[in-house]
Amino acid sequence: MNVFSTSSEPKTNAQHTPSQQFTQKEFIQKIAPTAEKIAEKYGLYASVMIAQATLESNSGNSELASTPNYNLFGMKGSYRGNSVRYPTQEDDGKGNMRTINANFRQYPSYEESMKDYAKLLQKGTSWNKEIYHKTFVKNSKSYKEATAALTGRYATDSKYNHKLNQLIKDYKLSKYDTK
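Residues numbered from 1 in each chain as written. Predicted model: local features only at pLDDT ≥ 70, side-chain atom pairs only at ≥ 80, totals over all residues. Heavy atoms only, no water.

### Topic: the overall build of the chain
So, step 1. Looking only at helices and strands, the chain features 5 helices and 2 strands.
So, step 2. Counting across all 179 residues of the chain, residues that qualify as buried make up 50%.
So, step 3. A sequence separation of at least 24 residues applies to 59% of the contacts in the chain between residues at least 6 apart.
So, step 4. In the structure as shown, the chain presents an accessible area of about 9,500 Å², 48% of it carried by carbon and sulfur atoms. (Helix = DSSP H or I, 4+ residues; strand = E, 2+ residues; numbered from the N terminus. Buried < 20%, exposed > 50% of the residue type's maximum accessible area, 1.4 Å probe, protein only. Contact = heavy atoms within 4.5 Å. Areas by Shrake-Rupley, 256 points an atom, 1.4 Å probe, with all protein chains shown as cover.)

If you want it as structure tokens, here you go:
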């Protein structure tokens, strides 16, 4: 199984296992082409998608992002009936962190993780279909507005947008955004 493949590409053995360690730069280079394609299809900022995947997965090195989980965005719940349980840190919205145990989606590939992320942003949540409305290129003036729209919604970390913006700046991720 190729974690970056599409149905039109040949299958290769490019799985990531916990014994492999990506640098941030290597991880970004691995996921950028797929993120760019998916972001363009859904009208999202590829820079934000790449930054989120980098932050949420510790550059693809977290256990949750590794084989057999491939969860790049820390998405909770299940995917096609597959999930894995892990402890996670949650911010109460005031900067206070606490640990909870949660089920996280388990994917067959990084590409499926990125597609599912894009679909979540597009469809919103069951309680608010418009919650991620400002993360789309057509609804925001810049990636900074998109990251601000994720803070307190997608992630409980009250400094989430600052962390994403720093990754976007440091790795010049805006070059992956559709012009």
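### Focus: the pairing of strand β1 (residues 83–91)
So, step 1. Here 9 bridges tie β1 to strand β2 (residues 97–105), and the two strands are oriented antiparallel to one another. Paired with Gln89 across the two strands is Thr99, which belongs to β2.
So, step 2. The turn linking β1 back onto β2 is made up of 5 residues, and Gly93 within it adopts a positive phi angle of 95°. (Pairing = 2+ DSSP bridges.)

### Structural notes on the environment of Asn161
So, step 1. Along the chain, the position of Asn161 falls in helix α5 (residues 160–170).
So, step 2. With a relative accessible area of 14%, Asn161 lands in the buried category.
So, step 3. Between the C-alpha atom of Asn161 and that of Ala146, which follows or precedes it by 15 residues, the distance is 8.5 Å.
So, step 4. In contact with Asn161, not counting residues within four places along its chain, are Thr147, Ala148 and Thr151.

### Concerning the pattern of salt bridges
Any two side chains of opposite charge can pair, given that their charged atoms come close.
So, step 1. The final tally for this structure, using the stated rule, is 7 salt bridges.
So, step 2. Its salt-bridge partner being Glu90, residue Lys76 comes within 2.6 Å of it at the nearest N-O pair. Linking Lys76 in the loop between α2 (46–56) and β1 with Glu90 in strand β1, this pair joins segments that are 14 residues apart in sequence.
So, step 3. Looking at Glu90, the relative accessible area reads 11%, which means it is buried.
So, step 4. Ionic pairing is found between Glu112 and Lys115, a salt bridge with its closest N-O pair at 3.9 Å. Of this pair, Glu112 and Lys115 both sit in helix α3 (residues 110–123), 3 residues apart, roughly one helical turn.
So, step 5. For Lys115, a relative accessible area of 27% translates into the label partly exposed.
So, step 6. What emerges from the salt-bridge pattern is a single network uniting Lys37, Arg80, Glu111, Glu112 and Lys115. (Salt bridge = Lys/Arg side-chain N within 4 Å of Asp/Glu carboxyl O.)

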